[in-house]
Amino acid sequence: MSGVSEVNGMNGTFVGMPSFPTAAREAVGNKTLRANLRHATHTIRDKRARAVAELDDWAQLREAGKRIKDETLRHLDRYLLQLEESVTAAGGTVHWAADADEANRIVTDLVKATGEAEVVKVKSMATQEIGLNEALEAEGIHAYETDLAELIVQLGKDRPSHILVPAIHRNRGEIREIFAREMSEWGRPAPDGLTDTPAELAEAARLHLREKFLRAKVGVSGANFMVAETGTLVVVESEGNGRMCLTLPETLISVVGIEKIVPTWRDLEVFLQTLPRSSTAERMNPYTSMWTGTSEEDGPGTFHLVLLDNGRTDTLADEVGRQALRCIRCSACLNVCPVYERAGGHAYGSVYPGPIGAILSPQLRGTQSEIDASLPYASSLCGACYDVCPVAIDIPEVLVHLRERVVQGGEVTRHGTKVTLRPAKGHAAERAAMRAAGWAFGRPAALRAGQRLASGTRRFHPRTLPGPGRAWSATRDLPKVPAEPFRDWWRRTNGGRTEKGGTK
């Protein structure tokens with residue numbers, strides 16, 4: 001009964017997605033979408049700014065988070081083995097999944113072994129990344145999303161468009177229509193006369209989900225963090241639905257990316273301060289759930305942890321790009337991004353939208369597809385994303401780095417297999433221009449002659465570039481060439497000292 005658009009299980013690409021510029025152009029024309037996004041992102045980021053300003057040591061916490069993550073990534077192999085040992089000692093079972101297909105196969109087999117045909121899920125971007133719902137559906141197993149925003153997306157046969165608020169592109173009226181139309185197909189129908197007031201919408205969702213919580217024998221979760229020294233998994237949320245998924249089922253299966261690990265409980269303290277303020281603008285999350293293995297007195301009797309690679313090891317090998325693995329999924333970068341605010345999350349063709357998605361998806365999936373090759377260009381490079389990131393990911397730096405990879409092509413290693421990439425299509429003119437510029441900058445006389453020629457012919461310069469350059473100049477003004485090259489001005493005015501109005 002999965003209502004989410006079809007996903008390629010190999011790499012998480014939404015099937016049929018065009019390049020970012022094509023998808024964004026369509027989204028920008030949707031006035032309702034833009035109004036929803038503008039209202040939501042401005043509200044969240046203003047609240048976040050106030051919450052962060054309360055802490056005098058925010059800069060120190062940010063630096064601590066960065067260093068903890070970098071230390072963990074440098075010794076990831078050691079910490080993962082420690083985590084496996086700790087989880088096993090606590091009564092859990094650890095599974096290793098190299099890619100999406102292997103992870104889906106492991107989870108599907110575990111669910112089928114229980115004899116159950118349905119599972120409840122606590123919000124997990126990793127399971128969306130691998131297309132788990134679609135894999136379960138193919139085996140006759142129904143997966144029910146229980147996070148309120150994820151429920152809206154699933155009932156609406158939609159796709160998530162935001163890391164923290166997957167249904168950010170929907171307003172209250174649209175949500176009411178979805179509930180009234182679709183809830184009866186998935187379980188308990190919406191109440192008669194349902195209005196679009198938040199309280200009534202939340203109550204309709206509560207009643208609908210309560211039946212599933214009380215009936216389900218298998219839960220599937222992700223995790224915000226995994227503590228290596230104890231084998232503890234952590235989920236932070238605002239509604240309490242996640243805690244129902246984590247405690248009521250008899251079997252719990254957690255699918256978590258290998259980068260979500262932290263070495264110690266002391267390290268966890270830093271992120272439990274920075275994550276809620278950066279994401280929901282709260283001092284602490286209303287619900288912070290932690291579980292370590294199994295217990296006879298409480299919670300599921302069987303626990304499985306599926307550690308997901310799916311391109312993360314390849315990303316780790318890139319000295320510049322690996323900083324994307326620091327991400328704690330707070331979504332602060334989305335809420336300040338002028339591109340995301342206008343284009344929305346669907347244009348990114350991934351469960352990871354916005355600035356972080358523009359650097360994470362091309363590394364996890366490679367840049368062979370049209371959508372992934374275009375994502376590093378889905379940015380104005382304004383740097384606002386770096387300023388708000390609680391773990392100091394320099395997203396603009398990685399974007400430029402990935403643009404170079406797209407243009408140059410070359411060899412990359414993908415899941416242990418070397419793949420030779422041809423130089424990207426559409427960048428031949430750019431490469432030629434860069435080669436010409438390099439030649440000219442290495443020859444001062446030629447550069448000086450070119451500058452004089454450009455100044456002398458500036459009256460005849462077109463307003464837009466011809467050929468492949470038209471795509472660039474269609475949305476930008478070409479810079480005006482000065483009447484006199486800088487070198488000539490410098491020589492004529494003795495470095496500005498004899499210029500009229502200047503110093504003598």
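Coordinates for the structure precede this section.
Residues numbered from 1 in each chain as written. Predicted model: local features only at pLDDT ≥ 70, side-chain atom pairs only at ≥ 80, totals over all residues. Heavy atoms only, no water.

J.: Looking at this structure, I do not really get the overall build of the protein. What am I missing?
T.: Summing up its helical and strand segments, the protein has 23 helices and 12 strands in all. Its C-alpha atoms give the protein a radius of gyration of 26 Å, within 12% of the compact-globule value 23 Å for 504 residues. Each of the 504 residues in the protein was classed as buried or not, and the buried ones make up 51%. If you take every contact in the protein between residues at least 6 apart in sequence, the share linking residues at least 24 apart comes to 73%. When the accessible surface of the protein is totalled, it reaches about 23800 Å², and 52% of it is carbon and sulfur. For the protein, the separation between the mean place of its 64 positive charges and that of its 63 negative charges on side chains is 13 Å. (Helix = DSSP H or I, 4+ residues; strand = E, 2+ residues; numbered from the N terminus. Rg over C-alpha atoms; globule rule 2.2 N^0.38 Å. Buried < 20%, exposed > 50% of the residue type's maximum accessible area, 1.4 Å probe, protein only. Contact = heavy atoms within 4.5 Å. Areas by Shrake-Rupley, 256 points an atom, 1.4 Å probe, with all protein chains shown as cover. Lys, Arg positive; Asp, Glu negative; His and termini not counted. Charge placed at Lys NZ, Arg CZ, Asp CG, Glu CD.)

J.: What is the right way to look at the sheet that holds strand β9 (residues 287-292) in this model?
T.: Sheet strands associate in pairs through backbone hydrogen bonding, adopting either a parallel or an antiparallel arrangement. One open sheet holds the four strands; their spatial order is β8-β5-β6-β9, and the pairing between them is mixed. On the outer flanks of this sheet lie β8 (261-262) and β9, each paired with one strand and no other. Here strand β5 (residues 225-227) pairs with β8 via two bridges, running parallel. Bridge pairing links Met226 to Ile261 in β8. Its contacts with the sheet place helix α12 (residues 265-279) against β5, β6 (232-237), β8 and β9, and it is angled at close to 160° to β5. (Pairing = 2+ DSSP bridges. Axes fitted to C-alpha atoms, helices over the stretch in contact; angles between N-to-C directions.)

J.: Please clarify how the side chain of Asp488 should be interpreted in this entry.
T.: Here Asp488 is to be found in helix α23 (residues 486-492). Reaching out from Asp488, the side chain makes a polar contact with the side chain of Arg452 at a distance of 3.0 Å. (Polar contact = N/O pair within 3.5 Å; in protein donor to acceptor, adjacent residues only side chain to side chain.)

J.: Teacher, can you tell me more about the sheet that holds strand β4 (residues 218-221) here?
T.: If you walk across this open sheet you meet the six strands as β1-β10-β7-β4-β2-β3, and the pairing is parallel. What marks the edges here is a single partner per strand, and that holds for β1 (93-97) and β3 (142-145). Neighbour to neighbour, the strand axes of the sheet diverge by 25° on average, direction disregarded. Where strand β7 (residues 251-257) and strand β10 (residues 302-308) come together, seven bridges link them in parallel fashion.

J.: Would you mind showing me how to read the packing of aromatic side chains here?
T.: The relation between two aromatic rings is expressed through the spacing of the ring centres and the mutual angle of the planes. Within this structure, the stated rule accounts for eight aromatic pairs. Residue placement shows Arg62 over the ring face of Tyr386; its charged tip is 4.9 Å from the ring centre. The aromatic ring of Tyr144 is capped on one face by Lys212, whose charged end is 4.7 Å from the ring centroid. (Phe/Tyr/Trp six-rings, centres within 6.5 Å; stacked < 30°, edge-to-face > 60°. Lys NZ or Arg CZ within 6 Å of the ring centre and 35° of its normal.)

J.: What is the right way to read the state of the cysteines from this model?
T.: Two cysteines form a disulfide when their sulfur atoms are joined by a covalent bond. Evaluation of the coordinates by the stated rule reveals zero disulfides. Here Cys327 is not disulfide-linked; the sulfur of Cys330 is the nearest cysteine sulfur, at 6.5 Å. The class for Cys327 is buried, based on a relative accessible area of 7%. No disulfide involves Cys385; its sulfur sits 6.1 Å from that of Cys382, the nearest cysteine. (Disulfide = S-S within 2.5 Å.)

J.: Would you explain the environment of Ala483 in this entry?
T.: Following the sequence through the fold, Ala483 ends up in the loop between α22 (470-473) and α23. On the basis of relative accessible area, Ala483 is assigned to the exposed category, the value being 56%. Expressed as a C-alpha distance, the spacing of Ala483 and Arg452, which sit 31 residues apart in the sequence, is 9.0 Å. Residues within four places of Ala483 in sequence aside, it is in contact with Ser455 and Arg458.

J.: Where do I start with the packing of helix α2 (residues 31-53) against α12 in this structure?
T.: Two numbers describe a pair of packed helices, the interaxial angle and the distance between the axes. Interaxial distance between α2 and α12 falls to 7 Å at its minimum, and their mutual angle equals 145°. Where α2 approaches α12, its residues Ile44, Arg48, Ala51 and Val52 are matched on the opposing element by Arg277, Ser278 and Ser279.

J.: Got a minute to help me understand the pairing of β6 in this structure?
T.: Here is the key point about a regular strand: its side chains alternate between the two faces of the sheet. Along β6, six of the six residues are buried, which leaves the element largely enclosed by surrounding structure. Both faces of β6 are covered, namely the face carrying Thr232, Val234 and Val236 and the face carrying Leu233, Val235 and Glu237. As defined by bridge partners, β5 adjoins β6 across three bridges and the pair is classed as antiparallel. Following the sheet pairing, Met226 is matched in β6 by Leu233. Between β5 and the antiparallel strand that follows it, β6, lie four residues; Gly231 among them carries a positive phi value of about 75°. For β6 and β9, the ladder comprises six bridges, and the chain directions are antiparallel. Looking at β9, one finds that Val234 is bridged to Met290.

J.: Sorry if this is basic, but what is going on with helix α1 (residues 20-28) here?
T.: An α-helical segment advances 3.6 residues per turn. Residues three or four places apart therefore align on the same side. Taken together, the buried positions of α1 are occupied by Phe20, Ala23, Ala24 and Ala27. All buried residues of α1 fall inside an arc of 100° around its axis, so they share one side. Exposed side chains of α1 directed beyond 90 degrees from the buried face belong to Arg25 and Glu26. The inward-facing, buried residues of α1 contact α2, α15 (338-343) and α17 (370-374). (Arc of directions from axis to C-beta.)

J.: How should the nonpolar core be read in this particular structure?
T.: Generally speaking, soluble globular proteins have nonpolar side chains that are buried together. Counting 103 residues, the largest nonpolar core has Phe20, Phe179, Leu305 and Ile359 as its most contacted members. Contacts of Phe179, omitting those with residues within four sequence positions, involve Leu148, Ile152, Leu155, Ala190, Leu194, Leu201, Ala204 and Ala205. Judged by nonpolar contacts, the second largest core, of 20 residues, contains Ala97, Val119, Leu132 and Val220. (Core = buried A, V, L, I, M, F, W, Y, C linked by side-chain atoms within 4.5 Å.)

J.: How do you make sense of unusual backbone geometry when you look at a structure like this?
T.: Excluding glycine, most residues fall at negative phi; most peptide bonds, likewise, are trans. Phi at Arg329 takes a positive value of approximately 60°, unusual for a residue other than glycine. Relative to the helices and strands, Arg329 is located in the loop between α13 (312-316) and α14 (332-336). Judged by its relative accessible area of 11%, Arg329 is buried. Residue Leu381 is not a glycine yet carries a positive backbone phi of 60°. Mapped onto the elements of the fold, Leu381 is located in the loop between α17 and α18 (384-388).

Shape is all these values report; function is a separate question.
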